[in-house]
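Fold and geometry: a report
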Amino acid sequence: MVRIGAVGELFGTDGVRGIANEELTVEMALNLGRVMGTLRRGRIAVAMDTRLSSPMLKSAVIAGLTSVGADAIDLGIAPTPALQYYVKCKKEVKGGIAVTASHNPREYNGIKFIQDDGREFTRDMDEESERLYKSKAFKFARWDEVGQVYYDEYKRLYLDGILSKVDVDAIAKRRFKVVIDCGNGAGCMTSPQLLKELGCEVISINSHPDGRFPARNPEPVEENLDLLKKTVKAVKADLGIAHDGDADRATFVDEKGRFVSEDVILALMAKYYVEKNGGGKVVTPVSSSRCVEDVVKEAGGEIVYTPVGSPVVAETMLKVNAVFGGEGNGGLIFPEHLLARDGAMSFSRILEMMALEGKPISELVKDIPKYHMIKTKVPCRDKLKLLEGLRNEFPEANFTDGVRIDYEDGWLLIRPSGTEPIVRIFAEAKTKKRAQELLDMGMKAVKKILG
Ligand code: MG
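To keep things clear, this report deals only with the structure shown in the data block. (Residues numbered from 1 in each chain as written. Predicted model: local features only at pLDDT ≥ 70, side-chain atom pairs only at ≥ 80, totals over all residues. Heavy atoms only, no water.)

1. Quick notes on the overall build of the protein
Here is the rule we go by: Each helix is a run of DSSP H or I of at least 4 residues and each strand a run of E of at least 2, with the numbering of both proceeding from the N terminus. We take the radius of gyration over the C-alpha atoms and set the globule estimate at 2.2 Å times the residue count to the 0.38 power. Only protein chains enter the accessibility calculation, which uses a 1.4 Å probe. A residue is then buried if its area is under 20% of the maximum for its type, exposed if over 50%, and partly exposed in between. Note that His is not counted, nor are the chain ends; the positive residues are Lys and Arg, and the negative ones are Asp and Glu. Working definition for charges: the position is that of NZ of Lys, CZ of Arg, CG of Asp or CD of Glu.
Per the secondary structure count, the protein includes 15 helices and 19 strands. Relative to its length of 451 residues, the protein is compact, with a C-alpha radius of gyration of 22 Å against a globular reference of 22 Å. Counting only C-alpha atoms and orienting by the principal axes, one finds that the protein spans roughly 70 × 60 × 40 Å. Going through the 451 residues of the protein one by one, you find that 59% of them count as buried. Separation between the mean location of the 65 positive side-chain charges and that of the 66 negative ones in the protein comes to 1 Å.

What follows is the structure, given as structure tokens:
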């Protein structure tokens, strides 16, 4: 199983993930459907990404829901944020289930639970789900009380939700030429159309649903985006956009065909929101680049750090009434829209920024401070011993998730993995040399403690 910062044996920070039909089976999907149907009485919306195993797992989830008396609304293929927005908007819908492995490789799939306000399940809710899953204390419905299956259309609701929040006229006036790479994932259903409705000239690549992912791996990181970079250059586009498998993330290529770092986009958007609101809080995990904190503080805002994982970022945003939040992987959260990552909302705001400020994307990101981040991992079997040792070694550090030590010119994060017997070490500084120095310091401390 792929589990990052595990909650228990089954649920990771992004629901349940594994190789389809091997680690994540139909039987598990069936029982996960029963868990959701038991926890959230009423209607549950279900959506899936384009993976080959998604129809199989979605059918099992729906069978599970209906067997305990919950009604299912089958939305078909939908981006995860579109499902979340649907659940948030429809009062009678008590929750959602996304069948998706997001950015994971082709052979994976996953199941993620959504709350009635559109947010992902919190850690506590995942723990409760896991307990119920293990106990199998399901109350099966009598023959005349089994749930029913309904079908609904989510697209117009979702697209209008985004269109109502951005300055469509300003964007449309500029007639931007945009290349969109949906990576054959769920973004195919909505993103090319949204760009058209924003008045853009749209060139789409890898934008038909195909669960074999013939063109590229679903993760929209730079090494998977050669075709996008080349196409942006060839057609002289203003912007290139790439999604992951369920389109809750978006990454960008500038008008010169260069990939823009996800951290830089996070900082750019954070700055835009703090400036627009005349201050406010921005929430991001402790693993995010210092460039975010720099621009937020300079614009008069405040940064709030959380452990790694998007549900805890969203939960914290709600708690501190944040103006914006996000992760340094292309997952941005716009609280006025949805307390969850949304790739289509991300590119709509980027286009709005380009239109209102009258600058190409390369100009907009020019002033974001430059840092170098390097990462490594070290085997570690005794995490408690390590954490205790680190507390003694760095008493002044930030213990939000692992240990983060901030310096004037950079920082060091030592974070034990929640699932694997390893510890990850991150270092970031203004120069590569200094980042390496900090990383070496972290390695030395870990080795000293673990012996
Ligand atoms: Mg995703």
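Once you've had a look at it, read on.
2. Here we look at the pattern of salt bridges
The line we're drawing: Whenever a carboxyl oxygen of Asp or Glu lies within 4 Å of a side-chain nitrogen of Lys or Arg, that contact is scored as a salt bridge.
Under the criterion given, the structure shown has 28 salt bridges. Among the charged side chains, a network of salt bridges with common partners joins Asp-409, Lys-433, Arg-434 and Glu-437.

3. Quick look at the sheet that holds strand E10 (residues 250-253)
This is how it is decided: DSSP bridges decide pairing: two strands pair if at least two such bridges lie between them.
Pairing is mixed in the open sheet, where 5 strands are placed in the order E8-E7-E9-E10-E11. Every other strand in the sheet has two partners, leaving strand E8 (201-205) and strand E11 (259-260) as the edge strands with one partner each. As paired elements, E10 and E11 share 2 bridges and run antiparallel to each other. Bridging from a neighbouring strand, Val-253 pairs with Phe-259 of E11.

4. With respect to the coordination of the magnesium ion
Operational definition: Think of the donor list as every N, O and S atom within 2.8 Å of the metal, or within 3.2 Å for Na, K and Ca; water never makes the list, so a site can look incomplete.
Protein-derived ligands of the magnesium ion are Ser-102 (OG), Asp-244 (OD), Asp-246 (OD) and Asp-248 (OD), with the metal-ligand distances lying across 2.0 to 2.1 Å. On the primary sequence, the residues serving as donors to the magnesium ion are separated as S-x141-D-x1-D-x1-D. With respect to class, Asp-244 is no different from Asp-248; both count as buried.

5. Quick word on the nonpolar core
Formally: To define a nonpolar core, start from buried Ala, Val, Leu, Ile, Met, Phe, Trp, Tyr and Cys residues and group those joined through side-chain atoms within 4.5 Å. Working rule for contacts: check all heavy atoms of both residues, and any pair within 4.5 Å makes them a contact.
Judged by nonpolar contacts, the single largest core of 74 residues is most densely connected at Phe-324, Phe-347 and Leu-351. Counting residues per element, this core draws most heavily on helix H9 (residues 262-277), which supplies 10 residues. Dropping the residues within four chain positions of it, Phe-324 is found in contact with Leu-266, Met-269, Ala-270, Tyr-273, Lys-281, Val-282, Val-283, Met-317, Leu-332, Ile-333, Phe-334 and Pro-335. Ranked by size, the runner-up nonpolar core spans 29 residues in total, among them Met-28, Leu-57, Ala-60 and Phe-121.

6. A closer look at a negative patch on the surface
Counted only if it meets this: Nonpolar side chains (Val, Leu, Ile, Met, Phe, Trp, Tyr) are joined into patches within 5 Å and like charges within 9 Å, using only residues with over 30% relative accessible area and no salt bridge. All accessibility values rest on the Shrake-Rupley procedure with a 1.4 Å probe; residue burial counts only the protein chains present in the view.
A surface patch of negative charge is lined by Glu-275, Glu-298, Glu-357 and Asp-367. According to the relative accessible area criterion, Glu-357 is partly exposed, its value standing at 36%.

7. Digging into the packing of aromatic side chains
Put simply, the rule is: Each Phe, Tyr or Trp ring, with Trp reduced to its six-membered ring, pairs with another whose centre is within 6.5 Å; inter-plane angles below 30 degrees give stacked pairs, above 60 give edge-to-face pairs, and intermediate values give tilted ones. By definition, being over a ring means that NZ of Lys or CZ of Arg is both within 6 Å of the ring centre and within 35 degrees of the ring normal.
One pass over the structure, following the stated rule, counts 8 aromatic pairs. Ring plane angle 25° and centroid distance 5.2 Å describe the contact between Tyr-273 and Phe-324, whose orientation is recorded as stacked. Within this pair, whereas Tyr-273 is found in helix H9, its partner Phe-324 is found in strand E14 (residues 324-326), the two being separated by 51 residues in sequence. Classification of Tyr-273 by relative accessible area gives buried; the value is 2%. Phe-324 gets classed as buried once you look at its relative accessible area, which sits at 0%. Put simply, the rings of Tyr-272, Tyr-273, Phe-324 and Phe-334 pair up and form one aromatic cluster. The ring centre of Tyr-150 lies 4.3 Å from the NZ or CZ of Arg-43, which sits over that ring. The ring of Tyr-407 has Arg-434 sitting right over it, with the charged end atom 5.6 Å from the ring centre.

8. A look at the packing of helix H1 (residues 26-39) against helix H4 (residues 123-135)
Put simply, the rule reads: Only the stretch in contact is used when fitting a helix axis, every axis being a line fitted to C-alpha atoms; angles between N-to-C directions are given from 0 to 180 degrees. What sets the label is the angle itself: under 35 degrees gives roughly parallel, over 145 gives roughly antiparallel, 65 to 115 gives roughly perpendicular, and the rest give oblique. Here a crossing is taken to be left-handed if its near helix is turned anticlockwise relative to the far helix by less than a right angle, and right-handed if that turn runs clockwise. Any residue outside Ala, Val, Leu, Ile, Met, Phe, Trp, Tyr, Cys, Pro, Asp, Glu, Lys and Arg is labelled polar, Gly included; the first ten of those are nonpolar and the last four are charged.
Their axes nearest at 9 Å, the elements H1 and H4 cross at an angle of 120°. Overall, the two elements H1 and H4 adopt an arrangement that is oblique. Of the two possible hands of crossing, H1 and H4 adopt the one that is right-handed. Where H1 approaches H4, its residues Met-28, Asn-31, Leu-32, Val-35, Thr-38 and Leu-39 are matched on the opposing element by Glu-128, Ser-129, Leu-132 and Tyr-133. For the contact of H1 with H4, the per-class residue count stands at 6 nonpolar, 3 polar and 1 charged.

9. Details of the sheet that holds strand E17 (residues 403-407)
Read across the open sheet, the 4 strands follow the order E16-E19-E18-E17; overall the sheet is antiparallel. Every other strand in the sheet has two partners, leaving strand E16 (372-379) and E17 as the edge strands with one partner each. On average, adjacent strands in this sheet sit at an angle of 10° to one another, irrespective of strand direction. The pairing of E16 with strand E19 (residues 422-429) spans 8 bridges and is classified as antiparallel.

Scope: geometric values only; no functional claims are made or implied.
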